[in-house]
Amino acid sequence: NQTSGELDENRIVDALSGERDVFKRRGNPDDANSNPLDSDPVAIKLIVDISASMYRFNGYDQRLERLLEATLMMMESLRDDRRFRFRIVGHNGSSAKIPLVNPSTELD
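A few points on the structure. (Residues numbered from 1 in each chain as written. Predicted model: local features only at pLDDT ≥ 70, side-chain atom pairs only at ≥ 80, totals over all residues. Heavy atoms only, no water.)

**A short note on unusual backbone geometry**
Stage number 1. Its identity as a non-glycine residue notwithstanding, Gln62 has a phi of 55°, on the positive side.
Stage number 2. Checked against the element boundaries, Gln62 lands in the loop between α3 (58-61) and α4 (63-78). (Helix = DSSP H or I, 4+ residues; strand = E, 2+ residues; numbered from the N terminus.)

Written out as structure tokens, the structure reads:
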């Protein structure tokens, strides 16, 4: 594996935990001089459940806390990586598309 290129689907969990070597090695040796930062960023949309049941049942199984931890881990792992355009959208019973984080949002 390598630190740039096409994302290896088998290493997504590793990428979320902060690992940088999660890309497949593909292409011709002639492409070694190409810069991956010159290409368009990959769009990643994380859709999270923000319904009232997440809060209501959090005392039983900590589902809201786990959702927050996983979302924060994604935000932290992609904070300084300009190869990705990261967006978080929430959904609940009445609305399917509540924007939470857009690509223009600064992730501090």
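**With respect to the environment of Ala70**
Stage number 1. Relative to the elements of secondary structure, Ala70 occurs in helix α4.
Stage number 2. Taking the C-alpha atoms as reference points, Ala70 and Ser17, 53 residues apart in sequence, are found 9.8 Å from one another.

**Concerning the side chain of Asn58**
Stage number 1. In this fold, Asn58 is placed in helix α3.
Stage number 2. In this structure Asn58 touches Arg63, Leu64 and Glu65, once residues within four positions along its chain are discounted. (Contact = heavy atoms within 4.5 Å.)

**Notes on the sheet that holds strand β4 (residues 84-91)**
By way of backbone hydrogen bonds, the strands of a sheet pair with one another, either parallel or antiparallel.
Stage number 1. The mixed open sheet is built from three strands, whose spatial order is β3-β4-β5. Edge positions in the sheet fall to β3 (42-49) and β5 (98-101), since each has one partner strand and no second. Strand-to-strand, the axes of this sheet are offset by a mean angle of 30°, without reference to chain direction.
Stage number 2. Where β3 lies against β4, eight bridges are found, and the strand directions are parallel. Counted as the bridge partner of Lys45 is Arg87 from β4.
Stage number 3. Here α4 sits on the sheet in contact with β3, β4 and β5, set at roughly 165° to β3. (Pairing = 2+ DSSP bridges. Axes fitted to C-alpha atoms, helices over the stretch in contact; angles between N-to-C directions.)

**Comments concerning α4**
Residue pairs spaced three or four apart in an α-helix point in one direction, given the helix's 3.6 residues per turn.
Stage number 1. Across its 16 residues, α4 extends 23 Å between first and last C-alpha, which sits within 8% of the 22 Å expected from 1.5 Å per residue.
Stage number 2. Within the span of α4, buried status applies to Leu67, Thr71, Met74, Ser77 and Leu78. Looking straight down α4, one finds that the buried residues subtend no more than 130° of arc, so they occupy a single side. Projecting away from the buried face of α4 at angles above 90 degrees are the exposed residues Leu68 and Glu69.
Stage number 3. On the buried face of α4, the contacting elements are α1 (12-16), β3, α2 (52-56) and β4. (Expected span 1.5 Å × (residues − 1). Buried < 20%, exposed > 50% of the residue type's maximum accessible area, 1.4 Å probe, protein only. Arc of directions from axis to C-beta.)

**As for the pattern of salt bridges**
Stage number 1. Using the criterion set out here, one finds two salt bridges in the structure.
Stage number 2. Between Arg63 and Asp61 there is a salt bridge whose closest N-O contact spans 2.9 Å.
Stage number 3. We classify Arg63 as partly exposed; its relative accessible area is 27%.
Stage number 4. As a salt-bridge pair, Asp81 and Arg83 come within 2.6 Å of each other at their nearest N and O atoms.
Stage number 5. On the basis of relative accessibility, which here comes to 16%, the residue Arg83 falls in the buried class. (Salt bridge = Lys/Arg side-chain N within 4 Å of Asp/Glu carboxyl O.)

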